[in-house]
Amino acid sequence: MTSFNRSTSRRLKKLTQIPSVWEGDRRPLSSPNQHSDSEEKGECILWVDYSQGVVRGMDVVASDIGPEAIVRTLMRAMEHPHSPARPARPQRIVVKDREIQFYLRGVLQDLDIAIDYAPELPLIDELFRGFTDILDSQTPDLPPQYAQILQEKAFAIWQAAPWEFLEEQQILSIEINKWDVGTLYASVMGMLGMEYGILFYRSEESLKQFRTAVLQDEDSTEHLEEAFLKQDCLFLTFESAEEDEDEESDLADLPLSEIDPTFGNIHPLEGLRSVLYDEEALVILVAIESLIRFIRDRRRDLQEDIFPTLSRRYRISLPQSEEESTKSVAVTVSTMPQLAAELEEMAGFGDDEEIDNLDFANFQSLQDDLIPEDSFLSLGVVSWEMLDRLRKGVTYHKAGEIKEVGDGLPVILIQTSRPKAKTVIERIEAAGGLKAICFNPGADPFDGDRYDLGLLQTQNDELFLFGEFLDEDPIHVEARKKWNQRCKNTKGYCGLIIAKGLTGASRGNPQLRDMMALFETRSLSPKDLGIGTLKLMPQLNLE
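We now turn to the structure provided with this report. (Residues numbered from 1 in each chain as written. Predicted model: local features only at pLDDT ≥ 70, side-chain atom pairs only at ≥ 80, totals over all residues. Heavy atoms only, no water.)

1. Focus on the sheet that holds strand β6 (residues 172-178)
Move 1: Across the sheet, which stays open at both edges, the 8 strands sit in the order β11-β10-β9-β8-β7-β6-β13-β12 with antiparallel pairing between neighbours. In this open sheet, the two edge strands, each paired with only one partner strand, are β11 (271-273) and β12 (311-317). Going across the sheet, the axis of each strand differs from the next one's by a mean of 25 degrees, ignoring polarity. (Pairing = 2+ DSSP bridges. Helix = DSSP H or I, 4+ residues; strand = E, 2+ residues; numbered from the N terminus. Axes fitted to C-alpha atoms, helices over the stretch in contact; angles between N-to-C directions.)

As structure tokens, then:
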């Protein structure tokens, strides 16, 4: 048995011994009515002065911590007690656990403290009854009678993944007309691969006000937070069950067991709360179930390029409840193309973006809307061994027979979010595949800078800009030298890898599991491409 050092015993014996009886115990931090795992919450250690009616020391520890923990708390109760108590040691200690009694007798044998057993500890029992009352009075995040079915519906929405084809401005109306709710306006988040969830606005006005506020103050964190709290909506969001932010990754790549759904409410007068009351739980349950059915029935239509006009009516069964006598509710789900167009116009989605003001007289089909702006880009090489694994494990487009010469296949790696990566792959495939990769000279006649422009040519002869590199950048110069030599080794063969995981732990260093597509192709010289030097031109104001 571990005992005090002699110096520690001498120090404790110097404390004034007062004629008091102290009670001590450790108990789980849970209520019998909560049906929760007490091991997750830990245990509470209490030392109280029964004679004076004060708590001298309290700690919360993990359930698997040994008996040493109760001694550590006792030491603090003696040397550094909670106010208003003063440092002291008792004449007598009472516990209700025989094991604790025998353990303390061995540890405290040099301190002249009597260690007794009692089947009840009146003061501690009263304190823990108070703790239990507090735990029982806490409002759960979800009403217990609806918690399980809400979790099930949340996971069903997660697996339906509406963010793969619905953008935030493509609003779906859900007409309920019950529980003082008329129509909810559902906005799906997640296409950008950042936040996944659904906002159920209680009014079209609230939705528009929030969008307007965000567009006006998108650079002001303070104003964005204020606009966020002024929303009037119910919400369902998804997060990783892991709390380690350094290991953050794209949620869409995680197994269902690692996804944690959260429900809540936002209101201008209430702010944000991650708690749903009974009627709110029923409203969001009906909304989610009707959304699941609508997505199931109209998925193909919703995946079209044009947001279609659709409407379906459903009868949703309600879970049995003493408070809710109604057995079902009729719900109508509809798309809102006109509102979507209005929101797009507010955000300026309809404006044609400049392609870096390139000289269209030189080449009119050059586009820069294929590769997302925030993508990670690198010029590198894939070993022949890794190439074989890639060909077997990802979407693969073969260009021809490549002889394994040198250290591997030269590749352009583009890493972005999973939804954006999927869009890039689909667009290249829709254009017939990848025909060539080329680096072509570019120039800015206004400041004299010269560029090395990275271009992708698709089979339909469209050109897409994937990178702009200053000619004087030493890192790019070295990368280009290696690229040219490797392409020479492979007789002009090279590749394009599209990867996901931009916001995760593999950012900048995607692993095989992050790679979604490999396009093998040929490398073209600027002479072969034949478009000359591309020049930046001033923007014309056509208003």
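2. Re the nonpolar core
Move 1: Formed by 52 residues in total, the largest nonpolar core has its most connected members in I157, I174, I176, F200, F238 and F263.
Move 2: The element that contributes the greatest number of residues to this core is helix α9 (residues 278-302), accounting for 13 residues.
Move 3: Those residues within four positions of I157 in sequence are excluded, and the remaining contacts are P162, W163, I198, L236, F238, I288, L291, I292 and I295.
Move 4: If you look at the next biggest cluster of nonpolar residues, it comprises 26 residues, including A69, M75, A77 and L111. (Core = buried A, V, L, I, M, F, W, Y, C linked by side-chain atoms within 4.5 Å. Buried < 20%, exposed > 50% of the residue type's maximum accessible area, 1.4 Å probe, protein only. Contact = heavy atoms within 4.5 Å.)

3. Overview of the packing of aromatic side chains
Move 1: A complete count under the given rule lists 8 aromatic pairs for this structure.
Move 2: With 5.0 Å between their ring centres and 50 degrees between their planes, W158 and F238 make a pair best called tilted. Linking W158 in helix α6 (residues 144-160) with F238 in strand β9 (residues 233-240), this pair joins segments that are 80 residues apart in sequence.
Move 3: On the basis of relative accessible area, W158 is assigned to the buried category, the value being 9%.
Move 4: The interplanar angle of 50 degrees and the centroid separation of 6.4 Å between the aromatic rings of F439 and F469 together place this pair among those described as tilted. Placement of F439 in strand β18 (residues 434-443) and of F469 in strand β20 (residues 463-470) is noted, with a sequence separation of 30 residues between them.
Move 5: For F469, a relative accessible area of 14% puts it in the buried group.
Move 6: One aromatic cluster is present, built from ring pairs that chain together W158, W163, Y196 and F238. (Phe/Tyr/Trp six-rings, centres within 6.5 Å; stacked < 30°, edge-to-face > 60°.)

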